[in-house]
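Given next are the chains, with one letter for each unit.
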Amino acid sequence: MTTTPSPVDENSAAPHHTRRRLILVAILILVLLALALTPPLLSVERFRHRIAASMSQSIGRPVHVDKVSFHLLPMPGITLENLVVSEDPAFGNEPVIRANEVEATLRISSLWRHQIEISTIRFKVDENGSGASLNIVRNAQGRWNLQDIFTQAAHANTAPTDQRKAGPAPRFPYIEATGARVNLKLGNEKMPFSLTDADFALWLPEPQQWHIRLLAHPARTDTNATDTGEVRLEGTLGRASTLAAVPLNLTLSWAHAQMGETTRLLTGDDQGWRGTLEAGATLIGQVGAARLTTNLHVTELRRADFVPANPLDVSTHCTAAANIALLTLTEATCAIPTGAAQPIVVSAPAVDLQQPRKAAATIALNQMPLNWALAWARLFTQRVPPDTEATGTLDGQLVWTDGVGSVTSAWEGQLHSTFVSATANGHEYHQTAKPLISDWAGSISFFAPSPQQPTIHFQFSTSQPGAKQPFVFGGNFVSDHLGSLLLSATATPAQIATIGNAIWPPLGTQAIDTLKIPSTEPIPVDLKCSFPPAEGQHYCESTRTPNPEKPTKPHHKR
């Protein structure tokens, strides 16, 4: 038989449920107040030395902490103030890591198992805007200060960071830093290069593999370089018994870097280039034996002095075998496309990245279009007419010579050019019925007495039918102006004008105006065209005065 509750019973149950809700709300409020008020009352300062000692044992470096505090909200954890990880004396006296504020978040589930497991370690920016700093050092013996820390961490038995359930091994924490700074020291010299405003993350996605992510801005301490772009690094590092054996797969990019500030970053001074740099690189293999591939692209490349009609876009693809531990490259090769079937190839059998200028490098030119070289010339001077085109190719090899003492470092080599003609607006300057084809052979050198005065010296010669001596063409190219052009030959004025027009149309025109000789016989001529540093009028003069008149034959008596 079913009993129907009376109205009195229903009315008495309602206040009972209301009381239970009020009790639960009151308990919740008390818990929240306890969470908010307990940390200041619960002192963990007495554990400060124990925490520092435990960290020191884990990384193999002395650790100092000024203050330790405990918090429950938003997640249970501890905050370390003024954390300093001291350096091994073999690498110097500056700390490896210095951080004003570090927050370690605990895994709540580990507390129920009477264990302490950290889920996240966060290096924070303090109230003054200062983040953590990391000093990477390679001493004179070739050892890195982080390699012992890294190999010690590799031997630690840890589970993946995202493992859902706890196991016998503690899970590796998620380590991150914001607004950090990374400094570099090689031997006894602290390098001026650094990474600033760095955001860093490290975690263990697989039992034998770390994942690393870095976003930073490159900087130089001895100059105020801005607009240096953004550096991104992401990839994986594996566990190994030695640093050289660590497997790696890293991708690096450098984006939005302005060329003027990039040269200031790399050399300490603005080298007068403008444009935007985008670069990328991959490292695959092991720290001691990796394959390096890089791609570099510069858009709107020009000199700072003026804006040419057509700035250049330049690309480079490079490969090498890299030993990151020793900072060396072997079998380094770079290809620079020129629009021809074969690119310019720059190669070096071995490169010490600490002394790159001592590498035995070569540049191989294989049918490089002269019009491509003319496009480069327009970046340095406004005297090359924008509608002038050069038809022909250039072959040869240049070798890098590192200067010692009073000897200036330079690229030097022998080149061979098959030159057809120079034209403007579709019309050839010279007055031959068909294009002139000349084979030129000679030498060229590029050197820089100072960063502000890059200099090119060249000299080529060619033989022409009917000329008694080879034509010799040379010149000096200094910074942003042509110092002088020289043309020497024993030939007819028409031949001299033709060669001059083919090399550079104004040179042929000036040759006719300067010589003014209506001779059809070969004559010896040294023609020099000079160019003032400013964009003034160039002028040519004959340094050898020819005599076009034929000598009178002596009259002999019979």
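Residues numbered from 1 in each chain as written. Predicted model: local features only at pLDDT ≥ 70, side-chain atom pairs only at ≥ 80, totals over all residues. Heavy atoms only, no water.

*Asks:* Looking at this model, I keep getting lost on unusual backbone geometry. Mind explaining?
*Replies:* A positive phi is found at E300, a non-glycine position, where the angle reads about 55 degrees. Phi angles above zero are rare outside glycine, and E331 is one such case at about 55 degrees. Examined against the element boundaries, E331 turns out to sit in strand β15 (residues 328-336). The exposed category is assigned to E331, whose relative accessible area is 55%. (Helix = DSSP H or I, 4+ residues; strand = E, 2+ residues; numbered from the N terminus. Buried < 20%, exposed > 50% of the residue type's maximum accessible area, 1.4 Å probe, protein only.)

*Asks:* Quick question: what am I supposed to make of the nonpolar core here?
*Replies:* One recurring pattern in soluble globular proteins is that nonpolar side chains are buried together. Grouped together as the largest cluster of nonpolar side chains are 54 residues, with contacts concentrated most on V65, F123, L248, L250 and L283. In this view, L248 contacts T236, L237, L283, I284, G285, Q286, V287 and A290; residues no more than four positions away in its chain are not counted. Core analysis: the next-biggest nonpolar cluster, separate from the first, contains 42 residues, L265, M368, L370 and V525 among them. (Core = buried A, V, L, I, M, F, W, Y, C linked by side-chain atoms within 4.5 Å. Contact = heavy atoms within 4.5 Å.)

*Asks:* What is the right way to read the environment of T223 from this model?
*Replies:* Relative to the helices and strands, T223 resides in the loop between β9 (209-220) and β10 (230-238). Judged by its relative accessible area of 19%, T223 falls in the buried class. Taking C-alpha positions, T223 is 8.1 Å from D269, a pair spaced 46 residues apart along the chain. Leaving out residues up to four positions away in the same chain, T223 has contacts with R264 and G268.

*Asks:* Where do I start with the packing of aromatic side chains in this structure?
*Replies:* The description of two aromatic rings rests on the distance between their centres and on the angle between their planes. Applying the stated rule across the entire model yields 6 aromatic pairs. For the pair F150 and W210, a centre-to-centre distance of 5.2 Å together with 55 degrees between the ring planes defines the contact as tilted. One end of the pair, F150, is in helix α4 (residues 147-155); the other, W210, is in strand β9, with 60 residues separating them in the sequence. We classify F150 as partly exposed; its relative accessible area is 22%. Here W210 falls in the buried class, since its relative accessible area comes to 3%. (Phe/Tyr/Trp six-rings, centres within 6.5 Å; stacked < 30°, edge-to-face > 60°.)

*Asks:* Would you explain the pairing of strand β5 (residues 118-123) in this entry?
*Replies:* In summary, the side chains of a regular strand alternate between the two faces of the sheet. As paired strands, strand β4 (residues 97-106) and β5 are joined by 5 bridges and run antiparallel to one another. Bridging across to β5, L106 finds its partner in I118. Relative to strand β7 (residues 174-186), β5 runs parallel, the two sharing 4 bridges. The partner of I121 across the bridge, within β7, is I175. (Pairing = 2+ DSSP bridges.)

*Asks:* Help me understand the state of the cysteines, please; the structure alone is not making it clear to me.
*Replies:* In a disulfide, the sulfur atoms of two cysteines are held together by a covalent bond. Scanning the model with the defined rule gives 1 disulfide in all. The disulfide that involves C318 links it to C334, with 2.0 Å between the sulfurs. Handedness of the C318-C334 disulfide follows from its S-S torsion of about 115 degrees: it is right-handed. Of this pair, C318 sits in strand β14 (residues 312-323) while C334 sits in strand β15, and the two are 16 residues apart along the sequence. The exposure class assigned to C318 is buried, which follows from its relative accessible area of 13%. (Disulfide = S-S within 2.5 Å.)

*Asks:* Looking at this structure, how should I read the side chain of R239?
*Replies:* Within the fold, R239 resides in the loop between β10 and β11 (247-258). Although buried, R239 forms no salt bridge, and the nearest oppositely charged side chain, E206, lies 10 Å from it. Among the polar contacts listed, one links the side chain of R239 to the backbone oxygen of A153, at a separation of 3.5 Å. When neighbours within four sequence positions are excluded, R239 is seen to be in contact with A153, A154, H155, A156, T158, L204, P207, Q208, W210 and P247. (Lys, Arg positive; Asp, Glu negative; His and termini not counted. Salt bridge = Lys/Arg side-chain N within 4 Å of Asp/Glu carboxyl O. Polar contact = N/O pair within 3.5 Å; in protein donor to acceptor, adjacent residues only side chain to side chain.)

*Asks:* Got a minute to help me understand the pattern of salt bridges in this structure?
*Replies:* Pairing between side chains of opposite charge can happen when their charged atoms approach one another. Applying the stated criterion across every chain, the model contains 13 salt bridges. The partner of E103 in a salt bridge is R122, and the shortest N-O contact between them spans 2.9 Å. Taken together, the residues E103 in strand β4 and R122 in strand β5 connect sequence positions 19 residues apart. Accessibility expressed as a relative area gives 16% for E103, which makes it buried. Residue R122 is classed as partly exposed on the basis of its relative accessible area of 27%. One salt bridge connects E261 with R264, and the closest N-O pair in it is separated by 3.5 Å.

Honestly, it's all geometry; don't read function into it.
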